[in-house]
6 protein chains.
Amino acid sequence: MSNATLKKSALVVSAHSADFVWRAGGAIALHHAQGYDVHVVCLSFGERGESAKLWRKGNMTEEKVKEARRAEANAAAEILGASIEFFDMGDYPLRADKEALFRLADVYRRVQPHVVLTHSLKDPYNYDHPLATHLAQEARIIAQAEGYRPGEPIVGAPPVYCFEPHQPEQCDWKPDVLLDITSVWDKKYQAIQCMAGQEHLWEYYTRVAQQRGVQAKRNVGITSSRDIIYGEGYQSIFPRVTEDLA
Amino acid sequence: MSNATLKKSALVVSAHSADFVWRAGGAIALHHAQGYDVHVVCLSFGERGESAKLWRKGNMTEEKVKEARRAEANAAAEILGASIEFFDMGDYPLRADKEALFRLADVYRRVQPHVVLTHSLKDPYNYDHPLATHLAQEARIIAQAEGYRPGEPIVGAPPVYCFEPHQPEQCDWKPDVLLDITSVWDKKYQAIQCMAGQEHLWEYYTRVAQQRGVQAKRNVGITSSRDIIYGEGYQSIFPRVTEDLA
Amino acid sequence: MSNATLKKSALVVSAHSADFVWRAGGAIALHHAQGYDVHVVCLSFGERGESAKLWRKGNMTEEKVKEARRAEANAAAEILGASIEFFDMGDYPLRADKEALFRLADVYRRVQPHVVLTHSLKDPYNYDHPLATHLAQEARIIAQAEGYRPGEPIVGAPPVYCFEPHQPEQCDWKPDVLLDITSVWDKKYQAIQCMAGQEHLWEYYTRVAQQRGVQAKRNVGITSSRDIIYGEGYQSIFPRVTEDLA
Amino acid sequence: MSNATLKKSALVVSAHSADFVWRAGGAIALHHAQGYDVHVVCLSFGERGESAKLWRKGNMTEEKVKEARRAEANAAAEILGASIEFFDMGDYPLRADKEALFRLADVYRRVQPHVVLTHSLKDPYNYDHPLATHLAQEARIIAQAEGYRPGEPIVGAPPVYCFEPHQPEQCDWKPDVLLDITSVWDKKYQAIQCMAGQEHLWEYYTRVAQQRGVQAKRNVGITSSRDIIYGEGYQSIFPRVTEDLA
Amino acid sequence: MSNATLKKSALVVSAHSADFVWRAGGAIALHHAQGYDVHVVCLSFGERGESAKLWRKGNMTEEKVKEARRAEANAAAEILGASIEFFDMGDYPLRADKEALFRLADVYRRVQPHVVLTHSLKDPYNYDHPLATHLAQEARIIAQAEGYRPGEPIVGAPPVYCFEPHQPEQCDWKPDVLLDITSVWDKKYQAIQCMAGQEHLWEYYTRVAQQRGVQAKRNVGITSSRDIIYGEGYQSIFPRVTEDLA
Amino acid sequence: MSNATLKKSALVVSAHSADFVWRAGGAIALHHAQGYDVHVVCLSFGERGESAKLWRKGNMTEEKVKEARRAEANAAAEILGASIEFFDMGDYPLRADKEALFRLADVYRRVQPHVVLTHSLKDPYNYDHPLATHLAQEARIIAQAEGYRPGEPIVGAPPVYCFEPHQPEQCDWKPDVLLDITSVWDKKYQAIQCMAGQEHLWEYYTRVAQQRGVQAKRNVGITSSRDIIYGEGYQSIFPRVTEDLA
């Protein structure tokens, strides 16, 4: 990146207001700890599709559900050290028109991210997730174009990583990066606990982190002194450019 | 890696005696420049399958071809800054028994590589290439086992990268790493010129390097100040373990 | 399924009004014979794209074609033992807005299917087919959400099967289930004969059934006493949950 | 094709106004030389996304950029021997409604192409490209339907080829046809030089042609007397029907 | 299967002597509980590659390691309710000649399995595993041939399932069957505890079972009354022949 | 090909002595009719794995089975217009050492084929088939090498086509060429009838030919006057080099 003197930044595009916690909470806390400005965009609150516990309480409205979800997401973002905004595009189904696309492209222009995290390319259990991925990808491309809002500074070519879906093999998702999140696991688990409406997932994603931790250790080699307990898996979309292969 | 105080090392497993030059010459020179010990194993000389020009001279024997190829490879390795050894296993077809496998495992134990470079997993034009890949992979696994020559120090889990085959798409090879070799291109091209018997490939692999260079630049982003002219593509087999995604 | 005392049901989502006959007629008749309520939704009549013979008669209008197609489909559904409804969304191209999606989700809620049959995920010969598949998949997801029409009973997680496209390999379709339809073949062939406008396909789909029958027999093993003559192939989208692997 | 007495024709569907030059200029010139009528449809001018150099001049408007791009494309088409038309649908993002689809279907009906060239099925760097591919594919299907504008002559089943994207492996693009464009390379390079705004790509696509040329030669066999220097790669979507396999 | 009156049987082919426990212990115990005769073949003891803890004790020989591993495997098999035999073919590398192939084919003939469980088709971390898979597959084919030991009863076409490798996505392994092993989890965990030399894996495979349990529940649907806590994933190689899709 | 004045030739590599009939009989007869010399190599007689009916006669020996199979294959080859030879390498399992590889390479050198036909790259039902494919591929590569039997004329780069396996989708086989064999179907069906021991396959492969015929017609387009009734599908391994895309 050319702006070596600027602070580094990361952008997370989350279909629903809890996805960024389960799937990228470790990466957010870790990069925050490394000095990145991390910004989260929640395209919807997941008010219809991912708030079953709230709806079962009875006497609910979509507005009430959204408020509860917004509060949870705000609390989690604060713990992880990220700023957050909500596009409130609706879920089940999430649909994006050109305005939504440009709105997200404008976030790219403003944030100038050094790395982008979003959903997997496929998910037969959840059609909102890949829609978010494609919106994040296309907005990035538009933000790179000189001809979009000419005169504004364009964005570079930040790597895009797909975070782990709920049932990875069914989504044709295969991690090529394992992120060591051991040092920030306490933050991630705190953030997870903000998601009161989805308590059944707390242990599930704890175990995901433990499994990816063991795998990371195995991929580093047992002779390594590095102690990895918790991990997050990521699949990259673009090749990485480097000068050191080890 | 645990031995942070030790010098870093790299291992290159090449089916024939010229492959390491075309496909990984940049990586070798670059890592040598960064202080790595780079060691090349040539499983064969490519005496049958990749020495057409020599055979056409007439009055040739397999021994004469092998000597010519050995001399070329030695010269290239010296320019690139690598040590080299020859297993002389024969080519077209290359075949590996258990002894060859253990011999290569012993090289792993001796070299203790921090990174391994070898061929693609498939190649319909060249059956020796994937055989070399699988031998390199299996020898790595054996060298990791406590029960192989118990008491010897085992190896860690160095990343393995597949270098670029001659017709990448036909080999289902897809680079996920683009290595910037601009700073060492002169060394690579000098080494390439040692391959007198395959002059028709000099320009081909120069263009490969230029194309991968342009692609690397595109993947870094046009706002980057980084000037990349020459590149090499690599496909990784294992996930990368990291703490920074940008 | 929780409602073990209820009658079982199946839902078939067909892009055009004849697809359910060629592709799933055996499954419909078989499950009807097993006591299922089978319901077919035809998204369009195939009035533009799959009614060449009718158009060639001359003096045709889209309305006349639709009526002819509706009559054929009704007759076929009756023979197979299924109820049927027509969304009349238009074909070539089929397009679905949110209302169509919710309409289909409401069918899921009403039918509460134990199994869903629809098209393949890809088809380079027919863009309406995969659109139907994705609509069927997304409507199923919406019907599962507590927040969609809160208070209504949601649906479970019925398996979804892709039925066989016209040129299976070109559609990346690979059957993992072979359904023995020998016992209901006469019904299926009767239903096929309702499709007067596509007589050229009668023998084609008879042979498809014979080939899948032979393959089913081969996959059961030649020592089996089971006599399979006609089959239908299906590709499942979700993993099957079971307690017996044999 | 049934109309053996008619002149043969080809249709090229290009997302932006320069794509047909870089990616299919050789095929266009070659088929023109063989007597084909070649027609190019540019869905957009690439005014936003592929005109960086023009925008950097300053004092630009979208209209001015489009005019410059139109002029370049017209000049290139003339050199290559193709007719050309512009749909002016906008780029970054390109979006197609039903009217655009029917407009392109009408081009198919008018041109009656014996072969169709368009973009790859995927491209993570450029979302307009696969959109063009899918539009070209769906319009072809609609133009084949008797029920679309009944009474008009429908089109046959011309083969569709995907031309080479900028970073082929990242687009899951794999050529199964290598076109020998040696005899028309001078035309293609002349046409390339019309693209004044993208001079950085001239050498890139020259090298692409050289690499595909070497690969074509390798796939013909070194014993062949055929001298291939420049090539273009294509991936076919449909199987080829033939009576001779050699 | 034709021999409906005979007891059902299952065959498990395990590369090393502990694999069947981690990967298929639930399936073994479950089918044993359902009345199957389950037979396990361990091709090697994993004496070199999977006994690190034993080797680190010092004063070890390959024979001592094998005895320890045999004792563990026997104990585990007894808990799970399976018979077991050891081919002692050596590991790291496992290699199979024709005699080994025929020996395993003879086991098929003797056991006449209704279902076969073995490793995944690929595993970049362990070359012995896919070798075992291919041996199991080829032996099954030979045991089906009338011309192999003519006169002996041949085997049918039992389904073959690949059990879960250590890092599933890296092995291109995708489960299409989720087996509910909740009712036998206590047996599996007891068997796991026999593997004293690999205590670091106990919790890893407990979590694997919990994750697959949650996924199984999700795939059954939250409206189901079925309570699934532990699961095992399997990938089938052949299509399933059935008469009921639900 | 350089030897334009020479007669064209084709090489068929068949794992068992009947495969070339079911899978490539049409191509053989068609190319013979076009003036090619077609040569078939049967690696084995299929005496163990594909002669069930003979073995069930009782009083059989491997030698008797082989003689019966040889007679059938000779008769079929004569009808199709091909020369044939038998390597008698054994089946179930087929295994190839270096001598077999060189023997086949020598056939390539002698035949100098313009096209090669062999099995699919995968087949979970038959491990001999892909072994034959890989042997055919590697022998072709060796026959191309100047250093193999230096001084002999090497072979060019004939295209290699995989013919259709018994259950195509399960073998990951996807045809990209459909061969119109209508004009020689009577020859193929005559040859099929020579396979007295596998009468159950006669109709199966008749229907395969009819299905591929319909698909070929669909891929040519319904406006074509060409009347295709029978077809064979082929998957090519290498890209095709051409000057005409239509």
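Residues numbered from 1 in each chain as written. Chains lettered and ligands numbered in written order. Predicted model: local features only at pLDDT ≥ 70, side-chain atom pairs only at ≥ 80, totals over all residues. Heavy atoms only, no water.

Looking up chain A in an unreviewed UniProt entry gives the name 4-carboxy-2-hydroxymuconate hydratase, with the organism given as Chimaeribacter coloradensis.

*Asks:* Go over the environment of E:E164 with me, naming the residues and quoting the values.
*Replies:* Residues and elements named next belong to chain E. Note on placement: E164 falls in the loop between β5 (160-163) and β6 (177-180). Taking relative accessible area as the criterion, E164 reaches 7% and is therefore assigned buried. Along the backbone, E164 and F238 are 74 residues apart, and their C-alpha atoms lie at a distance of 17 Å. Those residues in contact with E164 that lie beyond four places of it in its chain are R23, W173, V208, R212 and G233. In this structure the side chain of E164 is engaged in a polar contact, spanning 2.9 Å, whose partner is the side chain of R212. (Helix = DSSP H or I, 4+ residues; strand = E, 2+ residues; numbered from the N terminus. Buried < 20%, exposed > 50% of the residue type's maximum accessible area, 1.4 Å probe, protein only. Contact = heavy atoms within 4.5 Å. Polar contact = N/O pair within 3.5 Å; in protein donor to acceptor, adjacent residues only side chain to side chain.)

*Asks:* Account for the interface of chain E and chain C, with residues named and values stated.
*Replies:* Every contact between the two is made by 45 residues of chain E and, on the other side, 45 residues of chain C. For the pair chain E and chain C, the summed buried area comes to about 3,700 Å², and 56% of that belongs to carbon and sulfur atoms. Contact with chain C buries surface across chain E, with E:R240, E:V241 and E:L245 losing the most and accounting together for 21% of the total. Taken together, chain E and chain C are joined by zero salt bridges. Connecting chain E to chain C are 20 residue pairs in polar contact (both at pLDDT 80 or more). Sorting the residues of the side of chain E that touches chain C by element identifies α1 (19-33), β4 (115-118), β6, α7 (202-220) and β8 (240-242) of chain E as the ones contributing at least two each. Residues that form the side of chain E that touches chain C fall into these classes: 25 nonpolar, 11 polar and nine charged. (Buried area = accessible area lost by both parts, 1.4 Å probe. Salt bridge = Lys/Arg side-chain N within 4 Å of Asp/Glu carboxyl O. Nonpolar A, V, L, I, M, F, W, Y, C, P; charged D, E, K, R; others polar.)

*Asks:* Quick rundown of the arrangement of the chains? Include the residues and the values.
*Replies:* In this structure chain B stays clear of chain C, and the shortest span between their C-alpha atoms is 17 Å. There is no contact between chain A and chain F; across them, the least C-alpha separation is 17 Å.

*Asks:* Lay out the relation of the copies chain F and chain C with the relevant residues and their values.
*Replies:* The two copies are related by a screw operation: chain F maps onto chain C through 180 degrees of rotation and 0.0 Å of translation along the axis, at an RMSD of 0.0 Å. Those values place the two copies in the arrangement expected of a two-fold rotation axis. Interface overlap between copies is the fraction of interface residues in one copy that are interface residues in the other; for chain F against chain C it reaches 100%, indicating a shared surface. (Least-squares fit on C-alpha atoms with pLDDT ≥ 70 in both.)

*Asks:* Tell me about the environment of C:P124, and please be specific about residues and values.
*Replies:* Following the sequence through the fold, C:P124 ends up in the loop between β4 (115-118) and α5 (128-143). Sequence separation of C:P124 and C:G197 is 73 residues, and the distance between their C-alpha atoms is 23 Å. Residue contacts for C:P124: discarding those within four places in its chain leaves C:Q170, C:C171, D:Q137, D:I141, D:I237 and D:F238.

*Asks:* Got a sec to walk through the packing of helix α6 (residues 185-193) of chain F against helix α7 (residues 202-220) of chain F? Specific residues and values, please.
*Replies:* Residue and element names in this part refer to chain F. Interhelical geometry of α6 versus α7 gives an angle of 160 degrees and a closest axis separation of 10 Å. Taken together, the axes of α6 and α7 lie roughly antiparallel to each other. For α6 against α7, the interelement crossing comes out right-handed. From α6, W185, Y189, I192 and Q193 reach across to α7, where they touch W202, E203, Y205, T206 and A209. Among the residues making up the contact of α6 with α7, the classes are represented as six nonpolar, two polar and one charged. (Axes fitted to C-alpha atoms, helices over the stretch in contact; angles between N-to-C directions. Parallel < 35°, antiparallel > 145°, perpendicular 65-115°, else oblique. Left-handed = near helix turned anticlockwise from the far one by under 90°.)

*Asks:* Could you give an account of the pairing of strand β7 (residues 231-236) of chain F, with specific residues and numbers?
*Replies:* Residue and element names in this part refer to chain F. Counting buried residues along β7, six of its six residues qualify, which places the element largely inside the surrounding structure. Burial along β7 is two-sided: G231, G233 and Q235 and E232, Y234 and S236, pointing in opposite directions, are all buried. Sheet topology note: the strand β5 (residues 160-163)/β7 ladder contains three bridges and is antiparallel. Each bridged residue has a counterpart across the sheet, and for F163 the counterpart in β7 is Y234. (Pairing = 2+ DSSP bridges.)

*Asks:* How would you explain the pattern of salt bridges if you had to name every residue and give the values?
*Replies:* Considering all chains together, one arrives at 102 salt bridges over all chains under this definition. Among the salt bridges present, the one from D:R48 reaches D:E62, with a minimum N-O distance of 3.3 Å. Here D:E62 lies in helix α3 (residues 62-80) and D:R48 lies in the loop between β2 (37-42) and α2 (52-56), a separation of 14 residues in the sequence. Taking the shortest distance from any N to any O, the salt bridge between E:E146 and F:R56 comes out at 2.9 Å. Taken together, the positions of E:E146 in the loop between α5 (128-143) and β5 and F:R56 in helix α2 (residues 52-56) put the pair across two chains. Of the residues examined, F:R56 reaches a relative accessible area of 52% and is grouped as exposed. Ionic contacts of the salt-bridge type, sharing partners, join the residues A:E63, A:K66 and A:D88 into one network.

*Asks:* If you had to explain unusual backbone geometry to someone new, which residues and values would you point to?
*Replies:* All names here are of chain B. Cis peptide bonds are those with omega within 30 degrees of zero, and the linkage from Y92 to P93 qualifies with 10 degrees. As for its placement among the helices and strands, P93 is situated in the loop between β3 (82-86) and α4 (98-111). In the Ramachandran plot, Y92 falls in the positive-phi region, its phi being about 45 degrees despite a non-glycine side chain. Counting through the fold element by element, Y92 comes out in the loop between β3 and α4.

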